[in-house]
Amino acid sequence: MERGQGRGRMSNKDYYKILGVEKGASQDEVKKAFRKLAHKYHPDKATGSEEKFKEINEAYQVLGNEEKRKQYDQFGSSFDQQGGFGGGMNWEDFMKYARGQQGAQGGGQGFSGFDGQGINFDFGEGGIGDIFSEIFGFGGGGRRGGRGRRSQHGQDIEARMEISFEEAYTGSKKEVEFYKTVKCPNCSGNGAEPGTPIKDCDKCEGTGQIAQLQRTILGAIRTYAACDKCHGEGKIYEKPCSECEGAGIVKKSINTKVEIPAGIADGQTMRLDGEGEAGTKGGRAGDLYLHIKVKKHRDFKREQDDILSEIEISPAQAALGTTVDIQTIDGEGELSIPAGTPSGKVFKIKGKGMPHLQRGGSGDQLVTVIVKIPKKLSAKEKKLYKELAELKGESVDKSGWFGVF
């Protein structure tokens, strides 16, 4: 028999290239690559592609199995894949199973009554069942959890804080008050009345989970459900805490000091790790999302990290040049105005803007010069302006004012 004339369906695909790994990659590297691609191309995701998902699964069925991988490395494109999933199950069968399992978790029957084909769909850590359980969301968590009580992550909370323009510039420490759940001080969060015993649940032996054997299209699958006696906690206490009634958490008004970073802008949100609602049964606390409102300033405006301000000068100062006092965010300063400065001219004061948030340096202060034309003139001022207009050959009206200056 010539090379390439093996029995059954022949594959000319480069499975290493499909998974994006080198030929000498370890099994862990192959598994990691498959898991990443399976998440990306899962058909129910925005980036999903059923065809691509099928292809990477086919590659993993070979490279993820040491024996099949040896045959593939030896025979190359002549290697007989036999159906992609092995054991005679095809892609359509798997997709029906996966979606059936998702329906079963919502109350449907799925394929629990199917007489399997002797396939071991491994839900152990790293097995393909474990990976597909993670992607499709079936399998009762994939594997049996460790001993201990069932913890729950605390909820995130939101709060708002108003600060001054100056506080946004310098940064500050502020106190925020809000109402949230905290670990019960009476029982330290374990839910039991102090001094009363806590013991392992005798039904689940402290694991919080009960094993279940389910017959599926893929064979027998061992899954785990929360223990109905201890509600997944793994522990049973004789007397619940009198303050929290066994919940392990209570509601309280809390004052928290918050460090506002220099340069923060109006509308930005700070995330304070672990400052949200308390978790239950030892679970991690949620986060606090603090929305910042910066008050408007009388003299300054902000544009990104630059501070904008204006200053008025007279026509004579604009024509002849001058030095004027200006207000900066740090205090008073001086600005030199050269002769012949037009109204609307913008001068930059380097480094006098808002600090750059989370990086060094600051923006600039941009000062716009406004040449202020007087609305009322004394007799002497009118005479001087008239003489100036005549000197420049400009016409003036009967009142002594001129049309163009």
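Refer to the structure printed above.
Presented here is an overview of the structure given in this document. (Residues numbered from 1 in each chain as written. Predicted model: local features only at pLDDT ≥ 70, side-chain atom pairs only at ≥ 80, totals over all residues. Heavy atoms only, no water.)

For the chain, the helix and strand inventory stands at nine helices and 15 strands. A total of 405 residues make up the chain; the buried ones form 39% of that total. Residue pairs in contact within the chain that sit at least 24 positions apart in sequence constitute 64% of those at least 6 positions apart. Accessible surface, the chain: about 23,700 Å² in total, of which carbon and sulfur atoms supply 47%. (Helix = DSSP H or I, 4+ residues; strand = E, 2+ residues; numbered from the N terminus. Buried < 20%, exposed > 50% of the residue type's maximum accessible area, 1.4 Å probe, protein only. Contact = heavy atoms within 4.5 Å. Areas by Shrake-Rupley, 256 points an atom, 1.4 Å probe, with all protein chains shown as cover.)

Right, let's talk about the sheet that holds strand β15 (residues 365-371) for a bit. Sheet strands line up and pair through hydrogen bonds in the backbone, either parallel or antiparallel. Ordered in space as β10-β11-β15-β14, the four strands form an open sheet in which the pairing is mixed. The sheet is open, and its two borders are formed by β10 (301-303) and β14 (346-349), each paired with just one other strand. The average undirected angle you get between the axes of adjacent strands in this sheet is 35°. Pairing between strand β11 (residues 306-313) and β15: seven bridges, direction parallel. (Pairing = 2+ DSSP bridges. Axes fitted to C-alpha atoms, helices over the stretch in contact; angles between N-to-C directions.)

It is worth spelling out the packing of helix α2 (residues 27-41) against helix α3 (residues 50-63) at this point. Viewed as axis vectors pointing N to C, α2 and α3 meet at an angle of 165°, and their least axial separation amounts to 10 Å. Here α2 is positioned roughly antiparallel relative to α3, judged by the angle of their axes. Here α2 runs over α3; the crossing is left-handed. Residues Q27, V30, K31, F34, L37, A38 and Y41 of α2 form the contact with α3, whose participating residues are K52, F53, I56, N57, Y60 and L63. Considering only residue class, the contact of α2 with α3 consists of nine nonpolar, two polar and two charged. (Parallel < 35°, antiparallel > 145°, perpendicular 65-115°, else oblique. Left-handed = near helix turned anticlockwise from the far one by under 90°. Nonpolar A, V, L, I, M, F, W, Y, C, P; charged D, E, K, R; others polar.)

Attention now moves to unusual backbone geometry. Even without being glycine, E205 reaches a positive phi, approximately 60°. For E205, the position within the fold is in the loop between β3 (198-200) and β4 (209-216). Since its relative accessible area comes to 54%, E205 is described here as exposed.

In this section: the environment of Q155. Inspection of the secondary structure puts Q155 in the loop between α6 (128-136) and β1 (157-163). A sequence separation of 132 residues divides Q155 from D287, and the C-alpha atoms of the two residues are 7.3 Å apart.

Take the packing of α3 against helix α4 (residues 66-75) next. Direction vectors running N to C along α3 and α4 enclose 100°, while the axes themselves pass 6 Å from each other. Between α3 and α4, the angle falls in the class roughly perpendicular. Of the residues in α4, those touching α3 at Q61, V62 and L63 are K68, R69 and Y72.

It is worth spelling out the nonpolar core at this point. Grouped together as the largest cluster of nonpolar side chains are 22 residues, with contacts concentrated most on I163, I260, M270, L290 and I292. Going through the elements one at a time, β1, α7 (165-170), β2 (172-183), β7 (249-260), β8 (269-272) and β9 (288-294) are the ones with two or more residues in this core. What I292 contacts, discounting residues up to four positions off in sequence, is M161, I163, I260, I264, A265, D266, G267, Q268 and M270. (Core = buried A, V, L, I, M, F, W, Y, C linked by side-chain atoms within 4.5 Å.)

Spatially, the three strands line up as an open sheet ordered β1-β9-β8, and their pairing is mixed. At either margin of the open sheet sits one strand with a lone partner, and together these are β1 and β8. Sheet twist, expressed as the average angle between the axes of neighbouring strands with direction ignored, equals 25°.

Attention shifts here to the packing of aromatic side chains. Under the criterion given, the structure shown has four aromatic pairs. Every member of this aromatic cluster is reached through a ring pair, and the members are Y15, Y16 and Y72. One Lys or Arg, K52, reaches over the ring of Y41 and ends 5.8 Å from the middle of that ring. Positioned above the aromatic ring of F347 is the side chain of K345, whose terminal nitrogen or guanidinium carbon lies 5.9 Å from the ring centre. (Phe/Tyr/Trp six-rings, centres within 6.5 Å; stacked < 30°, edge-to-face > 60°. Lys NZ or Arg CZ within 6 Å of the ring centre and 35° of its normal.)

Let's shift gears to the pairing of strand β13 (residues 331-337). A regular strand places its side chains so that they alternate between the two faces of the sheet. Bridge count between strand β12 (residues 322-328) and β13: seven bridges; the pairing is antiparallel. Bridging across to β13, I326 finds its partner in G333. Turn length for the β12-β13 hairpin, with the two strands adjacent in sequence and antiparallel, is two residues.

Turning to α2, a few remarks are in order. The first and last C-alpha atoms of α2 sit 21 Å apart over 15 residues, in line with the 21 Å expected at 1.5 Å per residue. Of the positions making up α2, those classed as buried are V30, A33, F34, L37, A38 and Y41. Mapping the buried residues of α2 onto a view down its axis gives an arc of 130°, with all of them on the same face. Structural note: α2 exposes D28, K32 and K36 on the side pointing more than 90 degrees away from its buried face. (Expected span 1.5 Å × (residues − 1). Arc of directions from axis to C-beta.)

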